[in-house]
Amino acid sequence: MKRISGLKALLYGFLILYAIVTFIPFAWAMSASFKPLAEIVEGGMNFIPKNFTLENYQSIFTRERLFGRWLFNSAFVAVCVTGFNIVFNSMAGYALARIPFRGNRLVFGMILAVLMIPGQITLIPTFLILKSLGWLNTYQGLIVPSMVNATFIFMMRQFFVNFPKELEEAAALDGLNRWQTFWKVVMPLAKPALAAQAIFIFMGSWNNFFMPLIVVSSQDMFTLPLGLNTFKGQYISYWNYIMAASMVFTLPALAIYAFFNRYFVQGVTFTGNKG
Amino acid sequence: MPASSLNSEASRSKKTRSFRFSPSLSGYLFITPALMILGVFLGLPILYAIFLSFHKVEILGEMSYRFVHLRNFTRLVDDGRVWIALKNTAEYVAIVVPIQTFIALMLALVLNAQIRGKNLFRVVFFLPTITSSAVLTLIFMWIYNADGLLNHFLEGFGLPTYNWLGDPNIALKSIMIMNIWASAPFFMVIYLAALQDIPESLYEAAKIDGANGCDRFVNITLPLLKPVTFFIIVMGIIGTFQLFDQSYIFSGGSGGPNNSTLTVVLLIYQYAFKSLEMGYAAALALLLATAIVLATLVQRYLFKEDMPQ
């Protein structure tokens with residue numbers, strides 16, 4: 001009996017230690033975002049700010065006139081990308097699972113093949129294609145290439161394959177066509193799958209660093225990760241501002257995560273990849 | 001799909017007049033947006049990348065291509081920076097993947113036990129997974145500062161301190177530590193799901209046969225986790241192979257100090273977008289992509305063979 005409780009204590013000890021190791025960088029960043037620069041430079045190791053201030057947060061919005069714009073760009077791009085993905089991936093997944101059109105198998109095979117292609121190979125060509133379309137430094141350049149995601153087409157197909165056929169047949173008897181059936185019957189019942197998809201696509205877009213880095217060069221089209229990176233260059237030793245900006249950037253993702261927590265776990269176990 | 005079943009499907013819907021479009025037509029309508037985007041921004045780029053890798057590309061002013069046979073590929077072999085990037089990337093993969101897999105397994109095993117506050121632990125462990133690499137890198141750069149939190153902490157325990165960002169012997173290790181810290185909990189989730197799929201009855205049967213906890217772990221848990229472990233290792237290799245954000249932000253895009261954080265993807269970026277040698281960069285990207293596709297294929301193949309039941 002005693003040995004078992006000793007083991008339990010060991011397990012808790014391990015978990016708590018690991019939780020602390022995970023949490024400290026965030027706590028430390030958060031704490032710095034509420035400290036005046038002087039207190040940071042002093043080098044005290046206090047997690048609770050001695051002179052608590054909101055000045056850093058006010059400053060990043062006023063000093064860096066583009067910060068609000070970056071926040072908007074990130075949000076706008078992430079929302080559009082998420083919306084398009086949900087609609088297009090689900091439509092494609094549904095067609096592959098349920099509509100027997102000529103070439104169905106071929107398309108599905110192509111999507112499976114495409115799942116393996118790493119992003120780096122398409123990077124340079126995508127840049128050149130966007131350049132020739134005149135889409136560099138534009139919202140469509142940031143949004144259109146990411147409107148569809150093969151991983152989630154595959155996921156939606158798997159979801160729809162197991163979807164009860166009777167519902168669609170009932171809808172057909174009620175005189176709904178495919179399009180109406182899809183929107184009025186199928187999609188509302190696919191909400192859990194859509195939520196898992198939404199959270200992954202949103203986070204992927206919100207946190208994406210690489211694509212904006214090559215698509216965008218003018219500062220007013222920056223998304224937050226890029227903005228943050230130049231911010232670092234500009235305010236190189238103003239860690240108070242950099243940490244405040246980092247917190248502003250992290251908060252929306254955290255809120256969405258908290259809201260969709262359950263689906264996030266489903267999504268991780270399904271897709272097995274980040275972003 | 002055999003033609004006969006397509007026809008019967010079509011005539012059935014015509015008869016009932018329920019689906020007004022023919023199945024084929026509505027199928028195309030549903031799939032077209034996805035196909036167009038995937039075609040233009042995935043299919044076309046793959047072919048384009050192969051084309052580029054055999055050309056010298058001029059992108060300033062009028063765009064032009066000059067066919068250079070295999071010169072881009074032969075140049076790769078003589079390029080010292082390619083070898084440095086490969087060496088760094090290989091070292092990175094070889095150290096990060098085993099450690100993060102091990103930690104992920106440990107965390108999952110502990111969390112799978114009868115533990116109170118599981119959900120709280122999960123939420124904390126997930127924090128790095130949902131935080132952007134840009135933010136994580138900035139936070140760690142600050143913690144790694146010469147007089148930053150980590151060095152103060154090490155000093156406090158009388159341990160040696162390091163110049164985490166500036167020392168060429170340490171800089172890549174700093175990124176490794178951060179990456180392991182950030183991605184182990186992510187793989188933990190996959191392990192957790194797999195652990196929950198192991199039927200309790202197996203353990204009970206083993207208990208009746210007199211197997212102790214250690215036996216049960218070695219003879220039931222580990223073998224049943226083998227496919228997932230394999231999956232996680234390959235995912236880890238593919239992920240670490242593509243390291244870019246962290247080394248880009250850490251080094252301000254240079255791969256420094258002294259090329260110590262130069263990775264293959266960062267090198268591709270530098271050649272393509274700094275020195276504008278698109279053809280040469282495409283050749284390097286093709287090399288990396290081939291390696292990744294091979295890893296994925298091997299994984300697909302073995303993973304299928306190795307599935308339980």
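Residues numbered from 1 in each chain as written. Chains lettered and ligands numbered in written order. Predicted model: local features only at pLDDT ≥ 70, side-chain atom pairs only at ≥ 80, totals over all residues. Heavy atoms only, no water.

Colleague: Can you explain unusual backbone geometry? Please cite residues and give values.
Modeller: A negative phi holds for most residues other than glycine; trans holds for most peptide bonds. Residue P257(B) is reached from G256(B) by a cis peptide bond, and omega for that bond is -5 degrees. Looking at where P257(B) falls in the secondary structure, it is placed in the loop between α11 (245–251) and α12 (264–274). Phi is positive for N137(A), close to 60 degrees, though the residue is something other than glycine. Considering the arrangement of structural elements, one finds N137(A) in the loop between α6 (119–133) and α7 (139–143). For N137(A), a relative accessible area of 25% puts it in the partly exposed group. Phi at H69(B) takes a positive value of approximately 55 degrees, unusual for a residue other than glycine. Structurally, H69(B) is set in the loop between β2 (64–67) and α3 (71–78). What makes H69(B) partly exposed here is its relative accessible area of 49%. (Helix = DSSP H or I, 4+ residues; strand = E, 2+ residues; numbered from the N terminus. Buried < 20%, exposed > 50% of the residue type's maximum accessible area, 1.4 Å probe, protein only.)

Colleague: Mind laying out the packing of aromatic side chains, listing which residues take part and the relevant values?
Modeller: Each aromatic ring pair is summarised here by two numbers: the centre-to-centre distance and the angle between the ring planes. Summed over all chains, the structure comprises 52 aromatic pairs over all chains. Between Y94(A) and F182(A), the aromatic rings sit 5.2 Å apart at their centres with planes inclined by 50 degrees, giving tilted as the arrangement. Note that Y94(A) is positioned in helix α4 (residues 67–98) and F182(A) in helix α10 (residues 178–189), a separation of 88 residues in sequence. Comparing Y94(A) with F182(A) shows no difference in burial state: the two are buried. Arranged with centres 5.4 Å apart and planes meeting at 25 degrees, the rings of Y144(B) and W164(B) form a pair that is stacked. (Phe/Tyr/Trp six-rings, centres within 6.5 Å; stacked < 30°, edge-to-face > 60°.)

Colleague: Let's hear about the packing of helix α8 (residues 150–161) of chain A against helix α11 (residues 191–207) of chain A: which residues, and what values?
Modeller: Residues and elements named next belong to chain A. α11 packs onto α8 with a crossing angle of 170 degrees between their chain directions and a minimal axis gap of 11 Å. What the angle tells us is that α8 and α11 run roughly antiparallel. For the pair formed by α8 and α11, the contact residues are F152, M155, M156 and F159 on the first element and A193, L194, A196, Q197, F200 and I201 on the second. Considered class by class, the residues forming the contact of α8 with α11 number nine nonpolar, one polar and no charged. (Axes fitted to C-alpha atoms, helices over the stretch in contact; angles between N-to-C directions. Parallel < 35°, antiparallel > 145°, perpendicular 65-115°, else oblique. Contact = heavy atoms within 4.5 Å. Nonpolar A, V, L, I, M, F, W, Y, C, P; charged D, E, K, R; others polar.)

Colleague: Break down the interface of chain A and chain B for me, with residues and values.
Modeller: Tallying the contact residues gives 96 residues for chain A and 95 residues for chain B. Summing the contributions of chain A and of chain B, the shared interface buries around 8,900 Å²; its carbon and sulfur component is 81%. Of all residues in chain A, Y18(A), M116(A) and I124(A) bury the most surface against chain B, accounting for 8% of the area lost on that side. Counting across the chain A and chain B interface gives zero salt bridges. Seen at the junction of chain A and chain B, the total is seven residue pairs in polar contact (both at pLDDT 80 or more). Its residues assigned to classes, the side of chain A that touches chain B comprises 71 nonpolar, 18 polar and seven charged. (Buried area = accessible area lost by both parts, 1.4 Å probe. Salt bridge = Lys/Arg side-chain N within 4 Å of Asp/Glu carboxyl O. Polar contact = N/O pair within 3.5 Å; in protein donor to acceptor, adjacent residues only side chain to side chain.)

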